[in-house]
Amino acid sequence: MPTLTRKEVEEIALLARLHLESDELERMQSELGVILDHFGTIAAIDATGIPAMTHAVAMDHAGPFVSLGVLRPDEPQPSLPVDEALRGTPKRDGDLIVVPAIIPGAKE
Amino acid sequence: MSEWWSVVETARRIADGEVTAFRVVEDMLVRITRVDRDLGAYLEIDGDGARTAANEIDRKRKAGEKLGPLAGVPIALKDNLVTKGIVTTAGSKILAGWVPPYEGTAVEKLRAAGAVILGKTNLDEFGMGSSTERSAFKKTKNPWDSSRVPGGSSGGSAAAVAAGLCAASLGTDTGGSIRQPAAFSGVVGIKPTYGRVSRWGVVAFASSLDQVGPLARTVGDAALILQTICGHDPRDATSLDVPVPDFSAALAAGARGLRVGLPKEYFAGELEEHVRAALDRTIAALRDQGAEIVEVSLPHTHLALPAYYIVAPAEASSNLARYDGIRYGLRVEAPDLLTQYSKTRGAGFGPEVKRRIMLGTYALRSGYYDAYYKKAQQIRTLIKRDFDAAFESCDVLLTPTTPTTAFRFGAKATPLDMYLADVFTLSCNLAGLPGMSVPCGLTPEGLPVGAQLLGKPLDEVTLLRAGAAIEAAVGLGDRRPGGFA
């Protein structure tokens, strides 16, 4: 059963873009270990030939419920005005969202 | 006085002109001010908005305009339902102070029916919890015993209904988050069939499991609210384009001839003595009313909990990737983008949400996907097949909603202990079925017990029929939580 190493926990936190303080990392290591020991048992279940259920309703025309057309016609429709859509934005410059530079050394 | 009126009664009295919508709302707001400081059900009260909406109902009535079926009925909303112009936090610091620029579909439908929105109720952060203790903002007490939790994650919505701080409320249910707090708080709660209610404007937790549903003091009230919020919505690709039956019409049919299945796996394990006794009385009452009681088996039940705690965190880790401090919500400034993402999320999310994100990221990692996420989805198929087979010999399933009554604050010491509290409610979400919790009596200590009904896909009508029969036989009647009556 997977008992997580500190390094693995750090790797997962990086993948999740989640900063964890040192004490959080430690707690996470032990808590996730316990949870995975418990729920990780499903990895050992033989489910050969059982289809995966990706959604509770059929997303095609063959499922248990009435068929769903998940595509709508590709036509422009009214949407939120830019100013309203950006009202909750933490840092703006006009209609632009200001973020730190992605290329090292560049400015915002 | 009007605070304890049912949804049906409130709407009728307002429509008949016995009382104004303004009076009803004003009395409710006064009561909330008096009671909720201690109870903690609400995160946000929209007094001005509620008064304005009530005045508009009164104006319409005077002018002889047609009123909607919920005209003037004061309703509370779980704070993960997006409300235009009213702060929506999902119980998280990362969304503190966020004022949405749009309205969720269920809320839109309630308003269109004339409902008056009182405010937003407390919840476990992003719906992740079973006690409402995981809210970033406050604790909500159980109205029946203030040393106990109201359940979760829709704990604020359940407590507000139980304590007479709204006529009814909406919650969301991803693994039991409507039914479990309904059971703990002594109210009716319905999780509709997946796809019945649009998820547009619901703060996403696990998209293949999330559903919106009503919490109310009577089965009839829950049916009426459900009627209002169901229906196809092109803005949600999983919304079902199917007819919505008349839910209230089913209520009087009674239990005669109904085949009620008892899944043996739900009665075999550790059940609190008084929960078992209440269920026994419920079963006997249904039998007395002419229902046929049959034992059925759902052999993969033991796999529901592990499958759920892979699927839900995996979907959550993906859904919650949007909280990155860029477009809305909290931002922690940092010199580079990666650090800004990580610091923002580290500061904004609480411990349980971080745990689930980590768990989900673990399960979705390259090389682990087949062993965990895919396997969990295969188990969903097995669980769905169990239900399909069981429903060949019965019309509806009856189980306890929870293995215990409401627990005390802090009683679930570890994350795993808390997860295990959901053991009876998860399968319903994994299979996409409709589920309901109905009060079926009080323990000698005065704590409510919930009976859970699980139905065939789209068969909410049978749930309501069975629920009404249980309510009539062993429901709480006029019994109300002592401290808040």
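Residues numbered from 1 in each chain as written. Chains lettered and ligands numbered in written order. Predicted model: local features only at pLDDT ≥ 70, side-chain atom pairs only at ≥ 80, totals over all residues. Heavy atoms only, no water.

### A closer look at the overall build of chain A
Across its full length, chain A carries 3 helices and 2 strands. Sorting the 108 residues of chain A into buried and exposed places 31% on the buried side. Across chain A, every contact between residues at least 6 apart in sequence was considered, and the portion connecting residues at least 24 apart equals 22%. Of the roughly 7,100 Å² that chain A leaves accessible, carbon and sulfur atoms contribute 56%. (Helix = DSSP H or I, 4+ residues; strand = E, 2+ residues; numbered from the N terminus. Buried < 20%, exposed > 50% of the residue type's maximum accessible area, 1.4 Å probe, protein only. Contact = heavy atoms within 4.5 Å. Areas by Shrake-Rupley, 256 points an atom, 1.4 Å probe, with all protein chains shown as cover.)

### Considerations on the environment of T33 of chain B
Residue and element names in this part refer to chain B. Turning to its location among the elements, T33 is positioned in helix α2 (residues 21-39). For the pair T33 and Q378, spaced 345 residues apart in the sequence, the C-alpha separation amounts to 49 Å. Among the polar contacts made by the side chain of T33, one reaches the main-chain carbonyl oxygen of L29 at a distance of 2.8 Å. (Polar contact = N/O pair within 3.5 Å; in protein donor to acceptor, adjacent residues only side chain to side chain.)

### Topic: the interface of chain A and chain B
Taken together, the contact pairs 53 residues of chain A with 68 residues of chain B. Between chain A and chain B, roughly 5,200 Å² of surface is buried when both sides are summed, and carbon and sulfur atoms account for 73% of that area. For chain A, the biggest contributors to the area lost against chain B are F39, I42 and M53 of chain A; these three give 14% of the whole. One can count 2 salt bridges joining chain A with chain B. In this structure, the salt-bridge partner of K354 of chain B is E24 of chain A, at a minimum N-O distance of 2.6 Å. Where chain A meets chain B, there are 15 residue pairs in polar contact (both at pLDDT 80 or more). When contributions to the side of chain A that touches chain B are tallied by element, the ones reaching two or more residues are α1 (6-15) and α2 (22-39) of chain A. Ranked by residues supplied to the side of chain A that touches chain B, first place goes to α2 of chain A with 9 residues. (Buried area = accessible area lost by both parts, 1.4 Å probe. Salt bridge = Lys/Arg side-chain N within 4 Å of Asp/Glu carboxyl O.)

### Focus on the packing of aromatic side chains
Residue and element names in this part refer to chain B. Under the definition given, this model contains 16 aromatic pairs over all chains. Measuring from centroid to centroid gives 4.1 Å for Y309 and Y419, while their planes differ by 15°, and the two rings are stacked. Of this pair, Y309 sits in helix α10 (residues 304-319) while Y419 sits in helix α14 (residues 415-420), and the two are 110 residues apart along the sequence. Centroid distance Y362 to Y368: 5.3 Å. Interplanar angle 55°. Geometry classified as tilted. Given the relative accessible area of 27%, Y368 is considered partly exposed. Three or more aromatic residues link up through ring pairs in this structure, and these residues are W98, F126, Y323, Y328 and F349. Geometry around W5 places R13 over its ring, the cationic atom sitting 4.3 Å from the centre. (Phe/Tyr/Trp six-rings, centres within 6.5 Å; stacked < 30°, edge-to-face > 60°. Lys NZ or Arg CZ within 6 Å of the ring centre and 35° of its normal.)

### Section: the nonpolar core
Residues and elements named next belong to chain B. Counting residues in each nonpolar core, the largest one holds 129 residues, and the members touching the most others are L110, F126, F387 and L398. If one sorts the elements of this core by residue count, α10 sits on top with 10 residues. Not counting chain neighbours up to four residues away, the residues in contact with F126 comprise A90, S92, I94, L95, V203, F205, L320, Y323, F349 and V353. V35, L39, I57 and L447 belong to the second largest nonpolar core, which has 37 residues in total. (Core = buried A, V, L, I, M, F, W, Y, C linked by side-chain atoms within 4.5 Å.)

### Side note on helix α3 (residues 47-62) of chain B
All names here are of chain B. Spanning 16 residues, α3 covers 23 Å between terminal C-alpha atoms, matching the ideal 22 Å at 1.5 Å per step. Among all positions of α3, only G47, A50, A54, I57 and D58 are buried. Projected onto a plane normal to the axis of α3, the buried residues spread over an arc of 95° and lie on a single side. For α3, the exposed residues set more than 90 degrees away from the buried face come down to D48 and T52. Close packing links the buried residues of α3 with α1 (7-15), α2, β1 (42-45) and β3 (116-121). G64 occupies a position one or two residues after α3 and carries a positive phi of about 80°. (Expected span 1.5 Å × (residues − 1). Arc of directions from axis to C-beta.)

### Some points on the confidence of the model for chain A
Detail in the predicted coordinates should be disregarded across regions flagged by low pLDDT. Overall, the prediction assigns chain A a mean pLDDT of 84, with 84% of residues at 70 or greater. Low pLDDT (under 50) marks residues 61-67 of chain A, which in the prediction has 14 contacts with non-local residues, meaning those over four places away or in another chain. (pLDDT = per-residue confidence, 0-100.)

### Some remarks on the layout of surface pockets
Taken as a whole, the largest pocket encloses approximately 1,200 Å³ of empty space. L80 of chain A together with Y102, W200, G201 and R235 of chain B are the residues nearest the centre of the largest pocket, which is lined by 47 residues in total. Tallied by class, the residues present in the lining of the largest pocket amount to 24 nonpolar, 10 polar and 13 charged. Within this model, the second largest pocket holds a volume of roughly 400 Å³. As for the second largest pocket, its lining consists of 20 residues, and the residues nearest its centre are L305, P403, L420, V423 and F424 of chain B. (1 Å grid on protein atoms, 1.4 Å probe; cavity = no way out; pocket = protein on both sides within 12 Å on 5 of 7 lines; lining within 4 Å. Points joined across faces, edges and corners; volume = space filled by probe spheres on them. Nonpolar A, V, L, I, M, F, W, Y, C, P; charged D, E, K, R; others polar.)

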